[in-house]
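Structural overview for review
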Amino acid sequence: MKDKIDKSLILSRIKFHYKFKSDAQLARFLGLGTNTLANWYTRNTINYDLIFTKCEELNPTWIITGEGRPTKAYINTEENGVSIVTEQEVKNPTEYNQLTEIERLHQIITLQEGTIAAQAKTIEVMNKLINTKDK
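Residues numbered from 1 in each chain as written. Predicted model: local features only at pLDDT ≥ 70, side-chain atom pairs only at ≥ 80, totals over all residues. Heavy atoms only, no water.

Overview of helix α3 (residues 34-43)
Three or four residues apart is the spacing at which side chains of an α-helix point the same way, because the helix has 3.6 residues per turn. To keep it simple, the criterion reads: Exposed residues in this analysis have more than 50% of their type's maximum accessible area, buried residues have under 20%, and partly exposed residues fall in between, with area computed by a 1.4 Å probe over protein chains only. Runs of E in the DSSP output that reach at least two residues are strands. Runs of H or I that reach at least four are helices, and both are numbered from the N terminus. Directions drawn from the helix axis to the C-beta atoms are what define this arc.
The complete set of buried residues in α3 reads Leu-37, Trp-40 and Tyr-41. Buried positions in α3, seen along its axis, are confined to an arc of 95 degrees and lie on one side of it. More than 90 degrees from the buried face of α3, the exposed residues found are Asn-35, Thr-42 and Arg-43. Where α3 terminates, the next one or two residues include Asn-44, which has phi positive at roughly 55 degrees.

Quick look at the layout of surface pockets
Counted only if it meets this: Cavities and pockets were defined on a 1 Å grid built over protein atoms only: a cavity is a set of grid points that admits a 1.4 Å probe from which the probe cannot escape, a pocket is an open set flanked by protein on both sides within 12 Å along at least five of seven lines, and lining residues are those with an atom within 4 Å of any such point. Grid points are joined across faces, edges and corners, and a volume is the space filled by probe spheres set on the points. When residue character is reported, Ala, Val, Leu, Ile, Met, Phe, Trp, Tyr, Cys and Pro are called nonpolar, Asp, Glu, Lys and Arg charged, and the others, Gly included, polar.
In this structure, the second largest pocket spans a volume of roughly 160 Å³. For the lining of the second largest pocket, the elements supplying multiple residues, two or more each, are α3 and α7 (101-134). Classifying every residue of the lining of the second largest pocket gives 5 nonpolar, 2 polar and 4 charged.

A closer look at the pattern of salt bridges
What counts here: For this document, the term salt bridge refers to a Lys or Arg side-chain nitrogen within 4 Å of an Asp or Glu carboxyl oxygen.
Applying the stated criterion across every chain yields a total of 4 salt bridges. For Lys-121, the salt bridge is made with Glu-124, and the minimal N-O distance between the two is 3.4 Å. Remark: Glu-124 and Lys-121 occur in helix α7; sequence separation between them is 3 residues, near one turn of the helix. Here Lys-128 ties to Glu-124 by a salt bridge, and the two come within 3.4 Å at their closest N and O atoms. One end of the pair, Lys-128, and the other, Glu-124, are both in helix α7, 4 residues apart, so they sit about a helical turn from each other. It is possible to trace a salt-bridge network through shared partners that takes in Lys-15, Asp-23, Lys-121, Glu-124 and Lys-128.

Rendered as structure tokens:
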């Protein structure tokens, strides 16, 4: 049996990536009312077309599973700093994929922080459901 995707984790990843402090900011970004977003959390539903349209620079695999890079861009390290190059601009992906160990660790930490934030949101939603059922 296939596991059901927790849509609140998807929304939490997007919220984390864009550094939104509230669900209201996320709702505005998506062009939704706060009630609609609250319904998505409650019903574990989501409009994937809207999500992928509004978050087109994000990696769809990362949005859904949390795996891989958050963005579709490659990181190019140069002498004068770090620049971001989109997939369309990449001629030789391996050239842009060679990150230093510190950059790799930074990416891992960033992804783990996103996972922790998503898990915290899931716990919050579950606690609300439990408290609602107790009343």
